[in-house]
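What follows is each chain in one-letter form.
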Amino acid sequence: MPEAMKGKAWLTAALLLAGLVLLPFLVEASLGKSWMRIIDFALLYIMLALGLNIVVGYAGLLDLGYVAFYAVGAYCWALLSSPQFDLHLPFWLILPLGAMFAAMFGVLLGTPTLRLRGDYLAIVTLGFGEIIRIFLNNLNAPVNITNGPQGITLIDPITVGGFSLGKTQDVLGMSISSPHMYYYVFLLCVALVVFVSLRLENSRIGRAWVAIREDEMAAAAAGINTRNIKLLAFGMGAAFGGLSGGLFASFQGFVSPESFNLMESIMILCMIVLGGMGNIPGVILGAILLTVIPEALRYTGDLQRALFGQVFVDPADLRMLLFGIALVLMMLFRPTGLLPSKQRRQEFAEERE
């Protein structure tokens, strides 16, 4: 690479890093702490979308129950770091434990579905996600484990040496809010997930996933152990979901089964499709847009008052209507997503010829 291009790359990376570091200060100063929480949730959804991208984007396995792994990670943190069992284990132990349990559930889901493809696989994974939610909802009798539909409260935040991220702290004379501090933790975890995803994409395993996605029979004939490779996709994707779930529980301080319904899985899948399936920058863009835009559309009520003097359509209904129209238009005019990978763009162009 020429020296001039290297210099531009380093300058771009430095500017991006500076922008990400300063983003919480700019958001809190201009939009308030509520929007800071939305940015935090956008980072969580980026991790979830990147995890599902391994299963759907790389391996081509349609998973509609991905939110179940999110729930496993969240409840693992909640049960081991709350008054529910009076356990308050350190975060560095619970977080990898939640990811490991989620990966185990991913392998358990993948094992009986190895022969299934397309719609059949989607139906089975959808059922798995609903089973986990209902299971958590009813696991309060005869022994109360998950506290049922009431959920688990008073969950411990991330704490390092007496420094808690769950409350406002004074750092170098500045008052830093909890969403602000969690932002940097989430950002670090997103960077880790992106790094692992990039390494997987360019590895032999990543190429094996793509081969299975394109033609499983040809991949098997080429010597790829399709069973192990598909199980690895389920396990890796589930591990990222479990990691996100643990961070969500520590950030929210409360979990209940209603936080992990089917709509969450559909939204995460939409993030991948909207951004560009199989392309990491596209998945990140899709997660950000589908987290931020629906929240921004809540202000349609104020816009109606400004234009007409009263609210004709409830903002919640109008928000979902506009959101749905935007998705339909995307599928009509950009079916490969906003930032599709070169391979997907080429495949779609060949299919249309």
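All figures in this text were calculated on a predicted structure; none of them were measured in a lab. (Residues numbered from 1 in each chain as written. Predicted model: local features only at pLDDT ≥ 70, side-chain atom pairs only at ≥ 80, totals over all residues. Heavy atoms only, no water.)

Participant: Account for the nonpolar core, naming residues and giving values.
Facilitator: Judged by nonpolar contacts, the single largest core of 88 residues is most densely connected at Met-47, Trp-209, Leu-247, Val-255 and Phe-260. Residue contributions to this core peak at 17 residues, all from helix α2 (residues 33-58). Dropping the residues within four chain positions of it, Trp-209 is found in contact with Ile-54, Tyr-58, Ala-59, Leu-200, Ile-229, Leu-232 and Ala-233. (Core = buried A, V, L, I, M, F, W, Y, C linked by side-chain atoms within 4.5 Å. Buried < 20%, exposed > 50% of the residue type's maximum accessible area, 1.4 Å probe, protein only. Helix = DSSP H or I, 4+ residues; strand = E, 2+ residues; numbered from the N terminus. Contact = heavy atoms within 4.5 Å.)

Participant: Describe in detail the side chain of Ser-256, supporting the description with residues and values.
Facilitator: By secondary structure assignment, the location of Ser-256 is in the loop between α9 (226-252) and α10 (262-275). When near neighbours in sequence (up to four residues on either side) are disregarded, Ser-256 contacts Tyr-75, Pro-149 and Gly-151.

Participant: Give me the confidence of the model for the chain: which residues, what numbers.
Facilitator: Confidence in the prediction of the chain, expressed as mean pLDDT, is 88, and 96% of residues score 70 or more. Within the chain, helix α14 (residues 342-352) has the poorest average pLDDT of any element, 66, and helix α3 (residues 67-80) the best, 96. (pLDDT = per-residue confidence, 0-100.)

Participant: Help me get a handle on the pattern of salt bridges, residues and values and all.
Facilitator: All told, the structure shown has five salt bridges when counted by the stated rule. Each of Arg-117, Glu-216 and Lys-230 takes part in a single network of salt bridges with overlapping partners. (Salt bridge = Lys/Arg side-chain N within 4 Å of Asp/Glu carboxyl O.)

Participant: Please set out the packing of α2 against helix α7 (residues 204-214) residue by residue, giving values where relevant.
Facilitator: With their axes 8 Å apart at the nearest point, α2 and α7 run at an angle of 50° to one another. Considering the angle they form, α2 stands oblique to α7. Residue-level contacts link Ile-54, Gly-57 and Tyr-58 of α2 to Trp-209, Val-210 and Arg-213 of α7. In terms of residue class, the contact of α2 with α7 is built from four nonpolar, one polar and one charged. (Axes fitted to C-alpha atoms, helices over the stretch in contact; angles between N-to-C directions. Parallel < 35°, antiparallel > 145°, perpendicular 65-115°, else oblique. Nonpolar A, V, L, I, M, F, W, Y, C, P; charged D, E, K, R; others polar.)

Participant: Account for the environment of Gly-223, naming residues and giving values.
Facilitator: When you line up the elements, Gly-223 lands in the loop between α8 (216-221) and α9. Along the chain, Gly-223 and Thr-159 lie 64 residues apart, while their C-alpha atoms are 48 Å from each other.

Participant: Tell me about the packing of aromatic side chains, and name the residues and values.
Facilitator: In total, this model carries 13 aromatic pairs according to the counting rule given. Residues Tyr-66 and Phe-69 carry aromatic rings whose centres are separated by 5.8 Å and whose planes lie at 75° to one another, so their mutual orientation is edge-to-face. Overall, the relative accessible area of 1% leaves Phe-69 in the buried class. Arranged with centres 6.0 Å apart and planes meeting at 80°, the rings of Phe-248 and Phe-260 form a pair that is edge-to-face. (Phe/Tyr/Trp six-rings, centres within 6.5 Å; stacked < 30°, edge-to-face > 60°.)

Participant: Explain a nonpolar patch on the surface to me, using residue names and the numbers behind them.
Facilitator: Nonpolar side chains collect at one region of the surface, where Leu-17, Val-21, Leu-22, Phe-25, Leu-26, Val-160, Phe-163, Val-171, Leu-172 and Met-174 lie side by side and expose about 920 Å² of accessible area between them. Broken down by element, the residue count for the nonpolar patch peaks at five residues, all from helix α1 (residues 3-30). The residue Leu-172 is located in the loop between β5 (169-171) and β6 (174-176) in this model. Under the relative-accessibility criterion, Leu-172 is labelled exposed at 81%. (Patch = residues over 30% accessible without salt bridge, like charges linked within 9 Å, V, L, I, M, F, W, Y side chains within 5 Å. Areas by Shrake-Rupley, 256 points an atom, 1.4 Å probe, with all protein chains shown as cover.)

Participant: Please set out α9 residue by residue, giving values where relevant.
Facilitator: End to end, α9 covers 39 Å across 27 residues, agreeing with the expected 39 Å (1.5 Å per residue, within 8%). Of all 27 residues that make up α9, 22 are buried, and the element is covered over most of its length. At the C-terminal side of α9, Gly-253 shows a positive phi close to 75°. (Expected span 1.5 Å × (residues − 1).)

Participant: Give me the lowdown on the state of the cysteines, citing residues and values where you can.
Facilitator: If you walk through the whole model with that rule in mind, you get zero disulfides. With no disulfide of its own, Cys-189 lies 15 Å from the sulfur of Cys-76, the closest cysteine sulfur. (Disulfide = S-S within 2.5 Å.)

Participant: Report on the environment of Ser-265, specifying residues and quantitative values.
Facilitator: Tracing the backbone through its elements, the reader meets Ser-265 in helix α10. Overall, the relative accessible area of 2% leaves Ser-265 in the buried class. Along the backbone, Ser-265 and Leu-64 are 201 residues apart, and their C-alpha atoms lie at a distance of 5.8 Å. Beyond its immediate chain neighbours, meaning those up to four positions away, Ser-265 contacts Leu-64, Gly-65, Tyr-66 and Val-67.

Participant: Tell me about the environment of Gly-98, residues and numbers included.
Facilitator: Here Gly-98 shows up in helix α4 (residues 91-110). Relative accessible area serves as the criterion here: at 1%, Gly-98 is assigned to the buried category. With 229 residues separating them in the primary sequence, Gly-98 and Leu-327 have C-alpha atoms 33 Å apart. Non-local contacts of Gly-98, meaning those with residues more than four positions away in its chain, are made with Gly-73, Cys-76 and Gly-242.

Participant: Please provide a residue-by-residue account of unusual backbone geometry, values included.
Facilitator: The residue after Ala-141, namely Pro-142, is reached through a cis peptide bond having omega 0°. On the secondary structure map, Pro-142 appears in the loop between α5 (118-138) and β3 (159-160). Positive phi, close to 55°, is recorded for Asp-86, a residue that is not glycine. On the basis of relative accessible area, Asp-86 is assigned to the exposed category, the value being 58%. Backbone geometry places Asn-147, a non-glycine residue, at a positive phi of 65°. Mapping Asn-147 onto the fold places it in the loop between α5 and β3.

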